[in-house]
Amino acid sequence: MKYNRILLKLSGEALMGRQQYGIDAERLMQYAEEVRAVAQLGVQVAVVIGGGNIFRGVQAEAFGLDRVQGDYMGMLATVINSMALQSALEKLGIPTRLLSGVTIQRVCEPYIRRRALRHLEKGRVVIFGAGIGSPYFTTDSAASLRAIEVEADVVLKGTRVDGIYTADPEKDPSATRFPQITFDEVMEKNLNVMDMTAFTLCKENNLPIIVFDMNKEGNLLKLVQGETVGTLVTM
Ligand code: UDP
């Protein structure tokens, strides 16, 4: 196995599947199956899932809400997604724990680093809900931070695009994909991998990132087995 401990970042938006809002049951099960395939091999898996399919802090203004309130709503949205993923995984017989950055004691454990490490060592899939628990951050930042804290080998950013391109491939058909790129090149070329806070955290802590297509069956498994999938960002 190339990686022993991974942090998988899934966007909330991807959970919508073909829907306009919320959670697509089929997509949810598909993601759970992908996670099961790697967890069953003994890879320790931590997951951070976004909330964009339900609410994002940046939408707050349009609702006449203040930003901080909106961000907390976004964080709670990630808890809803995390609970859904937790149930989907458990349906497949994978033990999980949901640890939240915002305390919601009836539905999940509070985030405690040592506890997260213990769960991972015991082979439980650990889902980190509520981002880092503070407004003005994103779940990408939470993914980077938690990955560093639990000493994950890599952040796997599962998207609907199969890597990092010279330009947005959904807008520019001439865009080409980088199989590998350095942190500095990403910054020089001003490429959009993660928000700057999240990206800088990875760079400063020498934590590699792989951007890959999570919707392609078997990609996650290929990645942990060392196959080249998506784009690898390293020093
Ligand atoms: N959020 C936050 N702090 C965090 C993580 C998330 O305030 O540490 C809020 C923020 O408003 C964000 C929303 O939660 O817009 C949902 O997360 P995100 O946009 O990262 O989800 P994704 O785009 O991955 O679906």
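Per chain, residues are indexed from 1 in the order of the written sequence. For this predicted model, a pLDDT threshold of at least 70 governs which residues receive local features, and a threshold of 80 or more governs which side-chain atom pairs are given and counted, while totals over whole chains, interfaces and linings are taken from all residues.

Heads up, the rule is: UniProt positions are given in the numbering used here, feature names are shortened, and annotations may be inferred rather than shown by experiment.
The protein chain is annotated in an unreviewed UniProt entry as Uridylate kinase from Solirubrum puertoriconensis. Recorded in UniProt under Pathway (unreviewed entry), the annotation for the protein chain is "Pyrimidine metabolism; CTP biosynthesis via de novo pathway; UDP from UMP (UMPK route): step 1/1." Its UniProt record, at the heading Subunit (unreviewed entry), says of the protein chain: "Homohexamer."

1. Thoughts on the overall build of the protein chain
Worth spelling out the cut-off: Put simply, DSSP H or I for four residues or longer makes a helix, DSSP E for two residues or longer makes a strand, and each gets a number counted from the N terminus. Only the C-alpha atoms count toward the radius of gyration. The rule for a globule is 2.2 Å times the residue count to the power 0.38. Neighbour counting defines burial: a residue surrounded by 20 or more other C-beta atoms within 10 Å of its own C-beta is buried, one with 12 or fewer is exposed, and intermediate counts give partly exposed, using backbone-placed C-beta atoms.
Helices and strands together make up the secondary structure of the protein chain, namely seven helices and 11 strands. In summary, the protein chain has a C-alpha radius of gyration of 17 Å against a globular reference of 18 Å for 235 residues, a match within 12%. Referenced to the eigenvectors of the C-alpha coordinate spread, the extents of the protein chain come out at roughly 50 × 45 × 35 Å. Expressed as a percentage of its 235 residues, the buried residues of the protein chain come to 46%.

2. As for the environment of Arg177
Heads up, the condition is: By the criterion used throughout, residues are in contact when their C-beta atoms, derived from the backbone, lie within 7 Å.
Mapped onto the secondary structure, Arg177 falls in strand β8 (residues 177–178). C-alpha separation for the pair Arg177 and Gly163, spaced 14 residues apart in sequence, amounts to 6.4 Å. Apart from residues no more than four positions distant in its own chain, Arg177 is found in contact with Asp162, Gly163, Ile164, Tyr165 and Thr231.

3. Observations concerning the sheet that holds strand β6 (residues 154–159)
Here is the rule: Two strands are counted as paired when DSSP detects at least two bridges linking them.
Taken together, the nine strands give an open sheet; going across it, the order is β4-β3-β5-β2-β1-β6-β10-β11-β9, and neighbouring strands pair in mixed fashion. Every other strand in the sheet has two partners, leaving β4 (109–110) and β9 (180–182) as the edge strands with one partner each. For strand β10 (residues 209–213) and strand β11 (residues 231–234), the ladder comprises three bridges, and the chain directions are antiparallel. Bridge pairing links Ile209 to Val233 in β11.

4. Comments concerning the site of the ligand
Here is the rule we go by: Using a C-beta atom placed from the backbone, a residue is described as near a molecule or strand when that atom lies within 6 Å of it. Here the nonpolar group is Ala, Val, Leu, Ile, Met, Phe, Trp, Tyr, Cys and Pro; Asp, Glu, Lys and Arg are the charged ones; every other residue, Gly included, is treated as polar.
Neighbouring residues of the ligand: 24 residues in total, closest Gly50, Gly52, Gly57, Gly74 and Gly131. Sorting the residues of the shell around the ligand by element identifies α2 (67–91) and α4 (139–149) as the ones contributing at least two each. With six residues, the single largest contributor to the shell around the ligand is α2. Here the residues of the shell around the ligand sort into six nonpolar, 14 polar and four charged.

5. A short note on unusual backbone geometry
Notably, Tyr136 is not glycine yet its phi reads approximately 70°, a positive angle. Relative to the elements of secondary structure, Tyr136 occurs in the loop between β5 (125–129) and α4. Positioned with a positive phi, Asn206 is a non-glycine residue whose angle comes to about 50°. Mapping Asn206 onto the fold places it in the loop between α6 (196–204) and β10. Looking at Asn206, the number of C-beta atoms within 10 Å reads 10, which means it is exposed.

6. Some points on the nonpolar core
Stated precisely, the cut-off is as follows: Joined through C-beta atoms within 7 Å, a set of buried Ala, Val, Leu, Ile, Met, Phe, Trp, Tyr and Cys residues constitutes a nonpolar core.
Counting 69 residues, the largest nonpolar core has Ile6, Leu7, Val35, Val45, Val47, Val155 and Leu156 as its most contacted members. Top contributing element to this core by residue count: α2, with eight residues. Setting aside chain neighbours within four positions, we find Val35 in contact with Leu8, Val45, Val47, Leu89 and Val125.

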